[in-house]
Amino acid sequence: MATTKIDRRQVADTALRLLNDTGLEGLTLRAIAKDLGVQAPALYWHFKNKEALLDEMATVMYRRMIADGLPGADADSWQGLLRAVNRALRSMLLSHRDGAKVYGGARFTGNDHAESLEFYLGVLIEAGFDLRDATRAATASYAYTMGFVAEEQGTDARPGETGPGVDTAERAQRLAAFPLAAAAGPEMFGSYDERFEEGLDVLIAGIEATYALRK
């Protein structure tokens, strides 16, 4: 292959593009190097292993999410802020195949997230939360969205996919001896947008009720 100069951002951008074709399990340093026109060892100048690359990929995902400004910056309440932030997070994760797997547990390679965290915690504290409660409210909503999308991406059928675990009618037939579990299938494996919003409402109401008791 021809010698090509590459940087960390190029590698991460290429990895995110290939991710949509291969999924996380199929994403290899060899495939990334081939797409970039370099030998695989060239990537190790920038990333010591795949985990380090995933950290950079997550960082790039975050930077793209805030490229047009912090989500919720114009919200008129802390409730509106949490809704906007978590809607933006879900949208960003869903824009990449296995996005939640890549993003979850990653260690950002820069301090880009600090500005938004400072702002979000500040809004909550100004609304009456102390730092402990503000932090727990923020992390609880983050965990909800991450978990929701992980399940959404893990169970939602890809175009053209059929068979056990995908078709709710087949599932209902297979679980006929368990009528409640069978009937719950369409709710469990569909209406993701509606269920996400409803769950977010429940979470925010719980945050408000729980932490209001501390005042």
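Note that the structure is predicted; figures quoted are calculated from it, not measured.

### Observations concerning unusual backbone geometry
Step number 1: Although it is not a glycine, Asp98 adopts a positive phi angle of roughly 60°.
Step number 2: Structurally, the position occupied by Asp98 is in the loop between α4 (78-94) and α5 (99-103).

### Focus: the environment of Tyr120
Step number 1: As for its placement among the helices and strands, Tyr120 is situated in helix α6 (residues 112-126).
Step number 2: The class of Tyr120 is buried, set by a relative accessible area of 12%.
Step number 3: Taking the C-alpha atoms as reference points, Tyr120 and Ala134, 14 residues apart in sequence, are found 8.6 Å from one another.
Step number 4: Beyond its immediate sequence surroundings of up to four residues, Tyr120 is in contact with Leu70, Pro71, Leu81 and Val85.
Step number 5: In terms of polar contacts, Tyr120 uses its side chain to reach the backbone carbonyl oxygen of Pro71, at 3.0 Å.

### Examining the UniProt feature "domain: HTH tetR-type" (unreviewed entry) in the protein chain
Step number 1: Look at the UniProt record and you will see "domain: HTH tetR-type" (unreviewed entry) annotated at residues 5-65.
Step number 2: In residues 5-65, the share of helix is 70% and the share of strand is 0%. The end C-alpha atoms are 27 Å apart.

### Things to note about the UniProt feature "DNA-binding region" (unreviewed entry) in the protein chain
Step number 1: Taking the UniProt record as the reference, the feature "DNA-binding region" (unreviewed entry) is found at residues 28-47.
Step number 2: In the segment residues 28-47, helix accounts for 40% and strand for 0%; the C-alpha atoms at its two ends are 13 Å apart.

### Section: the packing of α4 against helix α11 (residues 192-212)
Step number 1: For the pair α4 and α11, interaxial distance at closest approach is 11 Å and the crossing angle is 145°. Note on packing geometry: the crossing formed by α4 with α11 is right-handed. Together, Trp78, Gln79, Leu82, Arg83, Asn86, Arg87 and Arg90 of α4 and Tyr192, Asp193, Phe196, Glu197, Leu200, Asp201, Ile204, Ile207 and Glu208 of α11 make up the contact between the two elements.

### Regarding the pattern of salt bridges
Step number 1: Taken as a whole and assessed by the stated rule, the structure comprises 12 salt bridges.
Step number 2: Linking Arg87 and Glu197 is a salt bridge whose minimum nitrogen-to-oxygen distance equals 2.9 Å. With Arg87 in helix α4 and Glu197 in helix α11, this residue pair connects regions lying 110 residues apart in the sequence.
Step number 3: It is possible to trace a salt-bridge network through shared partners that takes in Arg8, Glu56, Arg63 and Asp112.

### Brief notes about α4
Step number 1: Here α4 contains 17 residues, and its C-alpha end-to-end distance of 24 Å stays within 8% of the 24 Å for a straight helix at 1.5 Å per residue.
Step number 2: Among the residues of α4, Trp78, Gln79, Leu81, Leu82, Val85, Asn86, Leu89, Arg90, Met92 and Leu93 are the ones counted as buried. Angularly, the buried residues of α4 cover 165° about the axis, an arc narrow enough to put them on a single face.
Step number 3: As for α4, its buried residues are in contact with α3 (50-65), α5, α6, α7 (131-155) and α11.

### Focus on the environment of Met146
Step number 1: Relative to the assigned elements, Met146 resides in helix α7.
Step number 2: A C-alpha to C-alpha distance of 8.3 Å links Met146 and Leu89, two positions 57 residues apart in sequence.
Step number 3: Beyond its immediate chain neighbours, meaning those up to four positions away, Met146 contacts Leu89, Leu93, Ala100, Tyr103 and Gly104.

### Description of the nonpolar core
One broad trend across soluble globular proteins is that nonpolar side chains are buried collectively.
Step number 1: In terms of nonpolar packing, the biggest core is built from 35 residues, with Val11, Ile32, Leu43, Leu53, Met57, Leu93 and Tyr103 touching the most fellow members.
Step number 2: Listed by contribution, the elements that provide at least two residues to this core are α1 (8-26), α2 (29-36), α3, α4, α5 and α7.
Step number 3: Excluding residues that lie within four positions of it along the chain, Val11 makes contacts with Ile6, Ile32, Leu36, Leu43, Phe47 and Leu53.

### Section: the packing of aromatic side chains
Step number 1: For the structure on display, the rule yields 9 aromatic pairs.
Step number 2: Ring geometry for Phe148 and Tyr192: centres 6.3 Å apart, planes at 85°, overall edge-to-face. Taken as a pair, Phe148 in helix α7 and Tyr192 in helix α11 lie far apart in primary sequence, 44 residues in all. With respect to burial, Phe148 and Tyr192 carry one shared label: buried.
Step number 3: Taking the centre distance of 5.4 Å and the plane angle of 65° together, the rings of Phe148 and Phe196 count as edge-to-face. Here Phe196 lies in helix α11 and Phe148 lies in helix α7, a separation of 48 residues in the sequence. Like Phe148, the residue Phe196 is buried in the burial classification.
Step number 4: Ring-pair connections join several aromatic residues into one group, and the members of that group are Tyr144, Phe148, Tyr192 and Phe196.
Step number 5: It is Arg90 that lies over the ring of Phe196; its NZ or CZ is 5.0 Å from the centre.

Rules and cut-offs
- Within each chain, residue numbers correspond to sequence positions counted from 1 in written order.
- Restriction of local features to residues with pLDDT of at least 70 applies here, the model being predicted, together with a cutoff of 80 or more for giving and counting side-chain atom pairs; totals for whole chains, interfaces and linings are based on all residues.
- Side-chain calculation: all heavy atoms of the structure are included, whereas hydrogens and water are not.
- Helix numbering and strand numbering both begin at the N terminus, where a helix is a DSSP run of H or I of at least 4 residues and a strand a DSSP run of E of at least 2.
- Exposure classes here rest on a 1.4 Å probe applied to the protein chains alone. A residue is buried below 20% of its type maximum, exposed above 50%, and partly exposed in between.
- Two residues form a contact once any of their heavy atoms are found within 4.5 Å.
- Identification of polar contacts relies on pairs of N or O atoms within 3.5 Å, with a donor-acceptor requirement for protein atoms, meaning one able to donate a hydrogen and the other able to accept it, and with residues adjacent in sequence counted only if both atoms are side-chain atoms.
- UniProt positions are given in the numbering used here, feature names are shortened, and annotations may be inferred rather than shown by experiment.
- Under this scheme, a helix contributes an axis fitted over its contacting stretch, all axes are lines through C-alpha atoms, and angles between N-to-C directions fall in the 0 to 180 degree range.
- Two helices cross in a left-handed way if the nearer one is turned anticlockwise from the farther one by less than a right angle. They cross in a right-handed way if the turn is clockwise.
- Definition used for salt bridges: Asp or Glu carboxyl oxygen within 4 Å of a side-chain nitrogen of Lys or Arg.
- One fewer than the residue count of a helix, multiplied by 1.5 Å, yields its expected span.
- Think of it as the arc spanned by the lines of direction from the helix axis to the C-beta atoms.
- Nine residue types can take part in a nonpolar core, namely buried Ala, Val, Leu, Ile, Met, Phe, Trp, Tyr and Cys, and a core is a set of them joined through side-chain atoms within 4.5 Å.
- Classification of ring pairs rests on two measures: the distance between centres of Phe, Tyr or Trp rings, Trp counted by its six-membered ring, which must be within 6.5 Å, and the angle between planes, read as stacked under 30 degrees, edge-to-face over 60 and tilted in between.
- A ring is considered to have a charge above it if a Lys NZ or an Arg CZ atom is located within 6 Å of its centre and within 35 degrees of its normal.

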